[in-house]
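# Remarks on the overall topology
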Amino acid sequence: MVLALDLQDFLLRARVLKLYRQALRTARRAPDQSRAELKQVIRQEMESNRECKDKQRIRFLISEGTERLKGLTEMLDMQGHSTMQLDLASKKNSLKREPS
């Protein structure tokens, strides 16, 4: 299926996908026990608005999603789930996989 998007539609779609990727990256910082549920909620939110064609509504949803993501990021930062800790954990895992 080929979609013919005008420039404005293309840019809005890019903003939506960027927000989705940022939300999933942020979800990786969540504690292990809540990470899967958080990813599921993010996906459900995106899927529930998938068929929205109203550009003004899409802009509103992007703005609302950005604010919610900012709140989640701040909460994770306050709880000590920083990006630096995520980087260190991934480096430790990669070191474990490398043969000695």
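That block above? That's the structure.
Here's what I pulled together on the structure shown here. Computed from a prediction, not measured in an experiment: that's the story for all the values here.

A few words now on helix H3 (residues 55-78). With 24 residues, H3 should cover 34 Å at 1.5 Å per step; its first-to-last C-alpha distance of 35 Å lies within 8% of that length. By the burial criterion, the buried members of H3 are Ile58, Leu61, Ile62, Gly65, Leu69, Leu72 and Leu76. For H3, the secondary structure elements touched by its buried residues are helix H1 (7-27) and helix H2 (32-48). You can read the cap of H3 off the contacts: a side-chain oxygen lies 3.3 Å from the backbone nitrogen of Gln56, and it is on Asp54.

Turning to the nonpolar core, a few remarks are in order. Membership of the largest hydrophobic core is limited to 8 residues, which are Leu19, Ala23, Ala27, Ala30, Ile42, Leu69, Leu72 and Leu76. Mapped onto this core, the elements with two or more residues apiece are H1 and H3. Residues contacting Leu19, with those up to four places away along its chain left out, are Ile62, Gly65, Thr66 and Leu69.

Scoring rules and cut-offs
- Once a new chain begins, its residue numbering starts again from 1 and follows that chain's sequence as written.
- Only residues with pLDDT of 70 or above have their local features reported here, since the model is predicted, and side-chain atom pairs are shown and tallied only from 80 upward, although totals for entire chains, interfaces and linings are computed over all residues.
- Heavy atoms throughout the structure, all of them, feed into the side-chain values; hydrogens and water do not.
- Secondary structure elements follow DSSP: runs of H or I no shorter than four residues count as helices, runs of E no shorter than two count as strands, and numbering proceeds from the N terminus.
- How far a helix is expected to stretch is found by multiplying one less than its residue total by 1.5 Å.
- When accessible area is computed with a 1.4 Å probe and restricted to protein chains, residues below 20% of their type maximum are described as buried, those above 50% as exposed, and intermediate ones as partly exposed.
- What makes two residues a contact is simply this: any of their non-hydrogen atoms within 4.5 Å.
- Under this definition, polar contacts are N or O atom pairs within 3.5 Å; protein pairs additionally need one hydrogen-donor-capable and one acceptor-capable atom, and for neighbouring residues in sequence, both atoms have to be side-chain atoms.
- Here, the term nonpolar core denotes a set of buried Ala, Val, Leu, Ile, Met, Phe, Trp, Tyr and Cys residues that are joined through side-chain atoms within 4.5 Å.

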